[in-house]
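Chain residues, written in single-letter form:
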Amino acid sequence: MSATVSFKVTSPLGPQTVTLSYTRAGRGEPLLLLHGIGHHRQAWDPVVDILATEREVIAVDLPGFGASPSLPDGLTHDLPTMNAALGALCTALELDRPHVAGNSLGGLLALEMGREKLVRSVTALSPAGFWSRAERRYAFAVLVGMRRAAERLPLPLVRRLARSAAGRAALTSAIYARPGRRSPEAVVAETLALAGATGFAETLRAGTTVRFTDDVPGIPVTVAWGARDRLLVPRQGVRAKRTIPRARLVRLPGCGHVPMNDDPALVARVILDGSRR
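Procedures and definitions
- Residues numbered from 1 in each chain as written.
- Predicted model: local features only at pLDDT ≥ 70, side-chain atom pairs only at ≥ 80, totals over all residues.
- Heavy atoms only, no water.
- Helix = DSSP H or I, 4+ residues; strand = E, 2+ residues; numbered from the N terminus.
- Rg over C-alpha atoms; globule rule 2.2 N^0.38 Å.
- Buried < 20%, exposed > 50% of the residue type's maximum accessible area, 1.4 Å probe, protein only.
- Contact = heavy atoms within 4.5 Å.
- Areas by Shrake-Rupley, 256 points an atom, 1.4 Å probe, with all protein chains shown as cover.
- Lys, Arg positive; Asp, Glu negative; His and termini not counted.
- Charge placed at Lys NZ, Arg CZ, Asp CG, Glu CD.
- Salt bridge = Lys/Arg side-chain N within 4 Å of Asp/Glu carboxyl O.

**Q** Tell me what's going on with the overall build of the protein, and back it up with residues and numbers.
**A** In terms of regular secondary structure, the protein is built from ten helices and eight strands. The C-alpha atoms of the protein give a radius of gyration of 17 Å, which matches the 19 Å a tight globule of 277 residues would have. Considering only C-alpha atoms, the protein reaches an extent of 45 × 40 × 40 Å along its principal axes. Within the protein, buried positions represent 56% of all 277 residues. Within the protein, contacts between residues at least 6 apart in sequence are counted, and of these 72% link residues at least 24 apart. Summed over all atoms, the accessible surface of the protein reaches about 11600 Å², with 53% contributed by carbon and sulfur. Computed over 36 positive and 23 negative side-chain charges, the separation of the two mean positions in the protein equals 7 Å.

Have a look at this one:
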């Protein structure tokens, strides 16, 4: 069952109230889950039940995505602001240095939280920030194309497409290696989430100059990459390993950019293993 939490974040205009939507399940050490740009916390649904057998799982809608409103005036969707907001979220939810797993944008945010020592361990699935300039331009072009399609497609057509495996592939093959495995209801919901993501444009704009170039010393880090990632190509994982030499680099066979639905058991095992190191 979803809930919301509000907390203050410092801005040039003074303290501003940020409100985020989240779900909480399971017992054990806390594990925070962060989704990618244009997605929503339901991206993690295929793995939540497995993770919840060993962890208290908190899946959050990032600001301006899913059911969470955009950041208020005075706050921008850049990495320092997001780091401050996620740190304040942990304080508000009484999460004492949780484990964190993130995908794409969420993977980058997870690594930033690790660099700032806000978490116990990091598992980053195809994290943003290890791209070349050309790779970033390509990924952003694909994302913008997906966003425009989501905004323009009439809902009845989205529902009709989602009923067939071929239609689900047309809507989501850029992020899933096995789009036919995603349920029709999930594909409709995430298409609507992408179309309605009020934080999309500003988050994308903030990412144009982002590269992750720092090590993350002192905590366990796992970087996992889908072997069939068509958005952020797998060679970026090698760059991540060079940047974070002590990180564990894991290949996810048969998985795309958002691997949780392509192979839930494998992804859950990688996350749990990463949080035990």
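**Q** Help me get a handle on the pattern of salt bridges, residues and values and all.
**A** Evaluated as defined, the whole model comprises 13 salt bridges. Between Arg276 and Glu54 there is a salt bridge, with its nearest N and O atoms 2.8 Å apart. In this pair, Arg276 sits in the segment after α10 (264–274) while Glu54 sits in the loop between α1 (45–51) and β4 (55–60), placing the two residues 222 residues apart along the sequence. A relative accessible area of 44% means that Arg276 is categorised as partly exposed. Given a relative accessible area of 31%, Glu54 falls into the partly exposed group. For Arg235, the salt bridge identified is with Glu135, shortest N-O distance 2.7 Å. Residue Arg235 is located in helix α9 (residues 235–243), and its partner Glu135 is located in helix α4 (residues 133–152); the two are separated by 100 residues in the primary sequence.

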